[in-house]
Amino acid sequence: MNLFGVQLDLFGNAPKEPEKPKVPSSVSMNGLVHFKYNSQLKKSIRCKGGALFGHPEVILPHYMKDPEFAAARELAAEWAEHAIRRKTAKNKATIKDLVNRFWTLVDQVLADRGESAVSSKGRLPPIRPQGKYHNLNDVLAAINSTYFEDKLTCRITWSNRVGGLSFHSVRKDPVTGEEFHLISISKGYDAANCPEYAVAGVVYHECLHIAIPVEIRNGRRVVHGRNFRVRERQYIYYDEWIRWHNQVLPKNIWAMRRGKEL
Ligand SMILES: [Zn+2]
């Protein structure tokens, strides 16, 4: 069956990841803050003022030398530039914000590598769109172009809760400090018995929650209002998806909770 007509290739071909440029681990991107590494450090970073023309030097735990920590090192460099300045109330707030974002990002990198976090405060769940059977980035890209003119900005991951439901939340990016929408899809959909139209259906549903925010009517939160239901039915495989969702998904979730492979 041709699922999406002309969109079919969007599901078939995963977009290639751009090649990452090489980043030196000894200096910040702007070349002003130098990084040193210490194997004694684990949960802390230090800075020394005025090493190079008034710019600080940052001492980081040794494991942060890896390229995955490049973005975290940039935050550490920014933190050090502020930390060596006079501690005004405004500067103190900036320092605190940078430190929080730095550790959130470090934890994120560790979680993505499958390692335990240094601290668990406010940390993002690992974002894993590649499943065993379906790649959620590909599904999201097809839905976004078919139903939202490519205008939705969000990230997507398989849910980390075993046997959980699909949901949408707002998270804070530790690098930019900006908020973003995160769609989490139940792993019950990442199954050999799950057709592409069913994954696309649940992704479309969660995308609609971003496009149609919760309304407050007579003091009540209306999550799936009339407009939402009308738009939801515009999905071309709505009936097929709902049937799969009601008949197969509960069985998959039941199996997952008993530790069975889908
Ligand atoms: Zn919903």
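Structure: above.
Residues numbered from 1 in each chain as written. Predicted model: local features only at pLDDT ≥ 70, side-chain atom pairs only at ≥ 80, totals over all residues. Heavy atoms only, no water.

**Re helix α8 (residues 249–257)**
Looking only at α8, the buried set comprises Leu249, Asn252, Ile253, Ala255 and Met256. The buried side chains of α8 occupy one side of the element, clustering within an arc of 160° when seen end-on. Facing away from the buried side of α8 by over 90 degrees, the exposed positions are Lys251 and Arg257. Where the residues of α8 are buried, they touch α7 (238–247). Positive backbone phi, approximately 75°, marks glycine 259, located one or two places after α8. (Buried < 20%, exposed > 50% of the residue type's maximum accessible area, 1.4 Å probe, protein only. Helix = DSSP H or I, 4+ residues; strand = E, 2+ residues; numbered from the N terminus. Arc of directions from axis to C-beta. Contact = heavy atoms within 4.5 Å.)

**Describing the sheet that holds strand β4 (residues 154–158)**
One open sheet accounts for 3 strands, arranged β4-β6-β5; its pairing is mixed. In this open sheet, the two strands that pair with only one neighbour each are β4 and β5 (167–172). Going across the sheet, the axis of each strand differs from the next one's by a mean of 30°, ignoring polarity. Bridge analysis of β5 against strand β6 (residues 179–185) gives 6 bridges, and the strand direction is antiparallel. Each residue of the ladder has a partner; that of serine 169, found in β6, is leucine 182. Set on the sheet, helix α5 (residues 196–211) makes contact with β4, β5 and β6; between it and β6 the angle comes to about 150°. (Pairing = 2+ DSSP bridges. Axes fitted to C-alpha atoms, helices over the stretch in contact; angles between N-to-C directions.)

**Focus: the coordination of the zinc ion**
Donor atoms from the polypeptide that bind the zinc ion are His205 (NE2), His209 (NE2) and His224 (NE2), placed at 2.0 to 2.1 Å. In primary sequence terms, the donor set of the zinc ion follows H-x3-H-x14-H. With histidine 205 in helix α5 and histidine 224 in the loop between β8 (220–222) and α6 (226–232), this pair connects stretches of sequence that are 19 residues apart. Relative accessible area serves as the criterion here: at 11%, histidine 205 is assigned to the buried category. (Donors = N, O, S within 2.8 Å, 3.2 Å for Na, K, Ca; no water.)

**A short note on the packing of helix α2 (residues 70–83) against helix α3 (residues 89–112)**
Relative orientation and spacing of two packed helices are given, respectively, by the angle between their axes and the distance between those axes. Relative orientation of the contacting elements α2 and α3 amounts to 160°, with a least axis distance of 9 Å. Taken together, α2 and α3 sit at an angle that is classed as roughly antiparallel. Taken as a pair, α2 and α3 cross one another with a handedness that is left-handed. Contacts between α2 and α3 involve Ala71, Ala72, Leu75, Ala76, Glu78, Trp79, His82 and Ala83 on the former and, on the latter, Asn91, Thr94, Ile95, Leu98, Val99, Arg101, Phe102, Leu105 and Val106. Residues belonging to the contact of α2 with α3 are distributed by class as follows: 12 nonpolar, 3 polar and 2 charged. (Parallel < 35°, antiparallel > 145°, perpendicular 65-115°, else oblique. Left-handed = near helix turned anticlockwise from the far one by under 90°. Nonpolar A, V, L, I, M, F, W, Y, C, P; charged D, E, K, R; others polar.)

**A look at the nonpolar core**
Membership of the largest hydrophobic core comes to 33 residues, with the highest contact counts inside it found for Ile143, Ile185, Tyr189, Val203, Cys207 and Tyr235. Those elements giving two or more residues to this core turn out to be α4 (136–147), β4, β6, α5, α7 and α8. The dominant element in this core, judged by the number of residues it contributes, is α5, at 10 residues. If sequence neighbours within four positions are ignored, isoleucine 185 has contacts with Leu136, Ile156, Thr157, Trp158, Ser159, Ser166, Val202, Val203 and Glu206. (Core = buried A, V, L, I, M, F, W, Y, C linked by side-chain atoms within 4.5 Å.)

**A few points about the pairing of β4**
Looking along a regular strand, one sees the side chains alternate between the two faces of the sheet. Among the 5 residues in β4, 4 count as buried, and that is most of the element. Of the pairings in the sheet, the one linking β4 to β6 comprises 5 bridges and is parallel in character. Looking at the pairing, tryptophan 158 lines up with isoleucine 185 of β6.

**Brief notes about unusual backbone geometry**
Within the chain, glutamate 149 stands out as a residue other than glycine whose phi angle is a positive 50°. Within the secondary structure, glutamate 149 sits in the loop between α4 and β4. The residue asparagine 218 is not glycine, and still its phi comes out positive at about 50°. Counting through the fold element by element, asparagine 218 comes out in the loop between β7 (215–217) and β8. By relative accessible area, asparagine 218 is classed as exposed at 82%.

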